[in-house]
Each structure stands twice: as structure tokens, then as C-alpha cells.
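Residue-level structural notes
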Amino acid sequence: MLNALLRYAYAPVFFVGFLGAGVLLSGGGTRPSALGALLLLAIVVSFAAERALPYESAFNSPQGDGWRDVAHALVNEASNALSIMSLPLLAALFPDTGLWPSGWPLPFQVLLAVAVADVGITLAHYVSHRSQLLWRFHAVHHSVQRMYGFNGLMKHPLHQAFELTCASLPLLALGMPVNVAWLLGFAVAVQLLLQHSNVDLRVGPLMHVWAVAPAHRFHHLNRAGDGDVNFALFSSVWDHLLGTFHYDVGKQPRLGELGIEGRADYPVGYVAQLLEPFRPEDLRSLPTARCMTPTVRPSRSGSARTRRI
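Residues numbered from 1 in each chain as written. Predicted model: local features only at pLDDT ≥ 70, side-chain atom pairs only at ≥ 80, totals over all residues. Heavy atoms only, no water.

1. Digging into helix H1 (residues 2-25)
The line we're drawing: A residue's bend is simply the angle between two axes: one fitted to the seven residues ending at it, one to the seven starting at it. Where helices and strands are cited, they refer to DSSP runs of H or I of at least four residues and of E of at least two residues respectively, numbered from the N terminus. Residues are treated as being in contact if the distance between any of their heavy atoms lies within 4.5 Å.
If you look at H1, its biggest bend is around 40°, right at Ala9, and the proline Pro12 turns up within four residues after that. On its buried face, H1 is in contact with helix H2 (32-52), helix H5 (106-128) and helix H8 (178-195).

2. A closer look at the packing of helix H6 (residues 132-142) against helix H7 (residues 157-174)
Condition: Helix axes are fitted to C-alpha atoms over the stretch in contact, other axes to C-alpha atoms as well, and angles between N-to-C directions run from 0 to 180 degrees. Throughout this description, any angle smaller than 35 degrees is read as roughly parallel, any larger than 145 degrees as roughly antiparallel, any in the 65 to 115 degree range as roughly perpendicular, and the remainder as oblique. By definition, turning the near helix anticlockwise from the far helix through less than a right angle yields a left-handed crossing, and turning it clockwise yields a right-handed one. Following the grouping adopted for this structure description, the nonpolar residues are Ala, Val, Leu, Ile, Met, Phe, Trp, Tyr, Cys and Pro, the charged ones are Asp, Glu, Lys and Arg, and the polar ones are all others, Gly among them.
One can describe the packing of H6 onto H7 by two numbers: an axis separation of 8 Å at closest approach and a directional angle of 115°. Classified by the interaxial angle, the pair formed by H6 and H7 is roughly perpendicular. H6 and H7 meet at a crossing whose hand is left-handed. Contacts between H6 and H7 involve Leu134, Phe137 and His138 from the former and Leu158, His159 and Phe162 from the latter. Tallied by class, residues from the contact of H6 with H7 come to 4 nonpolar, 2 polar and no charged.

3. Considerations on the packing of aromatic side chains
Formally: Ring pairs shown here join Phe, Tyr and Trp side chains whose ring centres sit within 6.5 Å, with only the six-membered ring taken for Trp; geometry is labelled stacked below 30 degrees between planes, edge-to-face above 60, and tilted in between. Note on exposure labels: buried denotes an accessible area under 20% of the residue type's maximum, exposed denotes more than 50%, and partly exposed covers the range between, all computed with a 1.4 Å probe on protein chains only.
All told, the structure shown has 11 aromatic pairs when counted by the stated rule. Consider the rings of Tyr10 and Phe14, whose centres lie 5.4 Å apart with planes at 35°: the pair is tilted. Taken together, the residues Tyr10 and Phe14, both in helix H1 and 4 residues apart, mark about one turn of the helix. Looking at Tyr10, the relative accessible area reads 12%, which means it is buried. Judged by relative accessible area, Phe14 falls into the buried class, the value being 3%.

4. A few points about the side chain of Ser197
Along the polypeptide, Ser197 turns up in the loop between H8 and helix H9 (213-216). Take Ser197: its relative accessible area is 0%, and that puts it in the buried class. In contact with Ser197, not counting residues within four places along its chain, are Tyr10, Glu50, Tyr148, Gly149, Ala213 and Arg217.

Written out as C-alpha cells, the structure is:
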């Protein structure tokens, strides 16, 4: 009974608790160091929960990827911080439209930033599965053989820069202030920890609107086409609109079903992964688009359903 309660409470308490703490810490202005410390605490809590209530116990065992994932996280979070610090300079390139609702309470400003960024990141993610060029760099994220919280922070820096650009340009045009940008970056990191979590978490009907781990695991299936679902970062509403939402409670992905089909040789080391998209053989052999393959899934009634994405 207690475990069931914890499974349902974990995701909302984790997200609302940490984001709420971040807003409180930043209520009087910009607090990047405090948010950094809070993110470290979120990572520790995520790791502890994955061991207390694992979805797949084998996902908790490193596969030669531990220090690599730490390197990805450090580099990518540092680049995020540098990007946010450069916002005042970038904002000078845009006219002052006065569109940002600076009179709103800070929590509502953060929610607006999350909603706008979610559209940009989701579309960037979707396009990355349809473009050969972008897929080369996004494939680094899909090379994982297990899913745990840190996977969300594992991205090729150039692909992260692409996603960040798609998310931030509309916000810059609206005039988002720097303190909101710091909280948005923190919210993204917390959501990524939840989205790739190895906790056996449950969210009930929220599964259809909140893009957390139980649905996102299908996105990491190694079979071409099968993993081209559930692109959203925060809200699955965008996947419903794109026709790419999929969830099957009876067929949750397990160990051995993740990664990139036909690329068992994908490098594991950090530097090797940074260089992999530039290998000449990869430029010739990568498929035009991972998601061009029709996905055929059995419906709950047993009949086949074809999803073209």
C-alpha cells in the first residue's frame, strides 16, 4: 500500500516540489547558484528513488556509461548556463515589444515560458527524427541501452544548441527576463529527470497530458518506427496533435529493447560520441529519416493499427 502511494506521489511531488522551491529561491531576483545546488539535490533524490522503487532493476546497473553521462550532463548544463547569461546581449537584437507579462506573479511567468519552450523543443525533436542531418546528432541521445534519470541530460552539444535555439527565439521575441530564463532551464532539467526516470512511477490519467517516463520509454525503443512517438518534453498534448502519442500499459519497454536498430557498435565513450556524427561512413549509411517507417501496433481489441508519422 505504501509503495503504491509513493509510485503515484513521486512524479507530482518531485516536479512541483523542486520547481516550487526554485521559484521561492528566485522570488527576489536571479539565483543561479541556488538553482544549481537544488538541481544537484534533485539528481540525488532521483537516483535514490530509482533504487527504492525501480521500474527495471537492470537499468540501475552501469554499462560503461556512468562517467560518460556525467560528462554530458556537466557540459550541457554549463552550456545552458552560458546561454542564459548571454540573454541580455541576445535580447538587444530584438525590438522591445513589451509583450512579456512582467506584471504576472513569477510562477505564472515561468509556466508561460514552459508552455512556449515546450512547443519549440517538441517540434525540434520531431524534425530531428525526420531529417538525416539532425538525426546524426540526435542519435547520441538514442544510443542509450538503459533508461535512468541522467539520460535526459545526455545530448550532443550541437543538437542541444539546436533545441535551445528553437525554444528560446520566441521567448526572446516576447522579452522573457533573465530570472525567468534561469527557472525555465531548471524546469527543463527537472522534467528530463522525470521523463527518463527508472522509477516505477504512476500518474494515472495524467499520462495523456504529461510527458513522463512511462510514455517516454516507448520513444527509446530500438526498432525504426516504433520509437518515433512521444516527442513532447512537458505536455503530451503536442503528440496528440501531431498524431504521435502512444502508450501501451501491457508492453512497457525493457532491457534489450532500447538503443538504435542496426547500431550495436555505436560508441559509448564521451569523445567518441561527439565525433560519431562526423564519421564519413555514418554520413552515407544513416537512414534518411528514422520515422518514415509506418508503425503498426496492435490495438487493445487485437486488431492492427497503422500510424504514419
